[in-house]
Amino acid sequence: AQSVTQPDARVTVSEGASLQLRCKYSYSATPYLFWYVQYPRQGLQLLLKYYSGDPVVQGVNSFEAEFSKSNSSFHLQKASVHWSDSAVYFCALSMHYNQGKLIFGQGTKLSIKP
Amino acid sequence: NSKVIQTPRYLVKGQGQKAKMRCIPEKGHPVVFWYQQNKNNEFKFLINFQNQEVLQQIDMTEKRFSAECPSNSPCSLEIQSSEAGDSALYLCASSREDTGQLYFGEGSKLTVL
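Residues numbered from 1 in each chain as written. Chains lettered and ligands numbered in written order. Predicted model: local features only at pLDDT ≥ 70, side-chain atom pairs only at ≥ 80, totals over all residues. Heavy atoms only, no water.

K.L.:
Please explain the interface of chain A and chain B as it appears in this structure.
P.N.:
Accessible area lost on assembly of the parts is the figure often given for the size of an interface. Counting from both sides, the interface comprises 20 residues of chain A and, opposite them, 21 residues of chain B. Contact with chain B buries area across many residues of chain A, yet A:L44, A:K101 and A:F104 alone supply 28% of it, more than any other trio. At the junction of chain A and chain B, the tally comes to zero salt bridges. On the surface where chain A and chain B come into contact, there are three residue pairs in polar contact (both at pLDDT 80 or more). Across the side of chain A that touches chain B, the residue classes tally to nine nonpolar, eight polar and three charged. (Contact = heavy atoms within 4.5 Å. Buried area = accessible area lost by both parts, 1.4 Å probe. Salt bridge = Lys/Arg side-chain N within 4 Å of Asp/Glu carboxyl O. Polar contact = N/O pair within 3.5 Å; in protein donor to acceptor, adjacent residues only side chain to side chain. Nonpolar A, V, L, I, M, F, W, Y, C, P; charged D, E, K, R; others polar.)

Right under this line is the structure:
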């Protein structure tokens, strides 16, 4: 069965530091992968998506992610975090190019230290 | 700011009461999804529509859940007889037919006492 795992429930980094949020997926074919962010009391906002091609994808607010088929991973990165990046981040997988039904990871809560 | 409008933002119901949530998808988006997000951040796909037709749905929890997307009216998700385990954030999302990128609303948070 398809699944998405985010191994880190919580991550704390200092403002200005670099960030990596980990995501591993399980799916036998080529997945369509997404990172979403959820701020308190809000819905989900798409940060970036991977469909095919260049394994490094750029997203909003200077986020990027790298797809690795060999590692079944799609880690999210940012070179320098800001306090406003504090939120819960979800990795998601779809088996169809038009997203269709999404399979979500458990989320990683990011806290930024001043 | 989300262009998918969900109402109400919060609703509180007693066990056995009916709970109804509405969603206005973004203009020009014929595809609509409903997801349930519980307090442990576990997402459950409930149902999706294209125009007014159901594409996929789960076994709607002993038929207590129903949903529709009538033409020229908001989509809706209704729980006939709420249970404590239904307490969650209900997210509506819409997309164009071609790209399929989902745009989420801010959700309706249901608390069942």
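K.L.:
So what exactly am I meant to see when it comes to the state of the cysteines here?
P.N.:
Covalently bonding the sulfur atom of one cysteine to the sulfur atom of another cysteine gives a disulfide. All names here are of chain A. Across all of its chains, the model carries three disulfides over all chains by this definition. With its sulfur 2.0 Å from that of its partner, C23 forms a disulfide with C91. Across the S-S bond of C23 and C91 the torsion is about -65°, and the bridge reads as left-handed. Linking C23 in the loop between β3 (19-21) and β4 (24-26) with C91 in strand β10 (residues 87-94), this pair joins segments that are 68 residues apart in sequence. In this structure, C23 and C91 share a single accessibility class: buried. (Disulfide = S-S within 2.5 Å. Helix = DSSP H or I, 4+ residues; strand = E, 2+ residues; numbered from the N terminus. Buried < 20%, exposed > 50% of the residue type's maximum accessible area, 1.4 Å probe, protein only.)

K.L.:
What's the story with the sheet that holds strand β1 (residues 5-7) of chain B in this structure? I'm lost.
P.N.:
In a beta sheet, neighbouring strands pair by backbone hydrogen bonds and run either parallel or antiparallel. All names here are of chain B. Taken in spatial order, the four strands of this open sheet run β1-β3-β8-β7, and their pairing is antiparallel. Edge positions in the sheet fall to β1 and β7 (65-68), since each has one partner strand and no second. Across this sheet, the average inter-strand angle for adjacent strands is 15°, counted without regard to direction. Direction of pairing for β1 relative to strand β3 (residues 19-24): antiparallel, over a ladder of three bridges. Among the inter-strand pairings, I5 is bridged to a residue of β3, identified as I24. (Pairing = 2+ DSSP bridges. Axes fitted to C-alpha atoms, helices over the stretch in contact; angles between N-to-C directions.)

K.L.:
I keep staring at the pattern of salt bridges and nothing clicks. Help me out?
P.N.:
Two side chains that carry opposite charge are able to pair once their charged atoms sit near each other. Under the counting rule described, the total for this entry stands at five salt bridges over all chains. One salt bridge connects A:R22 with A:D8, and the closest N-O pair in it is separated by 2.9 Å. Within this pair, whereas A:R22 is found in the loop between β3 and β4, its partner A:D8 is found in the loop between β1 (3-5) and β2 (10-14), the two being separated by 14 residues in sequence. Its relative accessible area of 36% is what places A:R22 among the partly exposed residues. One salt bridge in this structure joins B:R64 and B:E83, with 3.5 Å as the shortest N-O distance. A residue pair is termed long-range when its members are at least 10 positions apart, and B:R64 in the loop between β6 (53-57) and β7 and B:E83 in the loop between β8 (75-79) and β9 (88-95) qualify at 19 residues. Classification of B:R64 as buried rests on a relative accessible area of 9%. Under the relative-accessibility criterion, B:E83 is labelled partly exposed at 36%. A network of salt bridges, in which partner residues are shared, links B:R64, B:E83 and B:D86.

K.L.:
Would you mind showing me how to read the packing of aromatic side chains here?
P.N.:
Each aromatic ring pair is described using two quantities: the centre-to-centre distance and the angle formed by the ring planes. Summed over all chains, the structure comprises 17 aromatic pairs over all chains. Aromatic side chains A:F34 and A:Y36 sit 6.4 Å apart centroid to centroid with 35° between the ring planes, which places their arrangement in the tilted category. Looking at A:F34, the relative accessible area reads 0%, which means it is buried. Where A:F104 meets B:Y35, the ring centres are 5.7 Å apart and the plane angle is 90°; that geometry is what we call edge-to-face. One end of the pair, A:F104, is in strand β11 (residues 103-104); the other, B:Y35, is in strand β4 (residues 31-37), on a second chain. Across the pair, B:Y35 and A:F104 agree in class, each one buried. A connected cluster of aromatic rings, assembled from ring pairs, spans A:Y32, A:F34, A:Y36, A:Y51, A:F90, A:F104, B:F33, B:Y35, B:F43, B:F45 and B:F104. (Phe/Tyr/Trp six-rings, centres within 6.5 Å; stacked < 30°, edge-to-face > 60°.)

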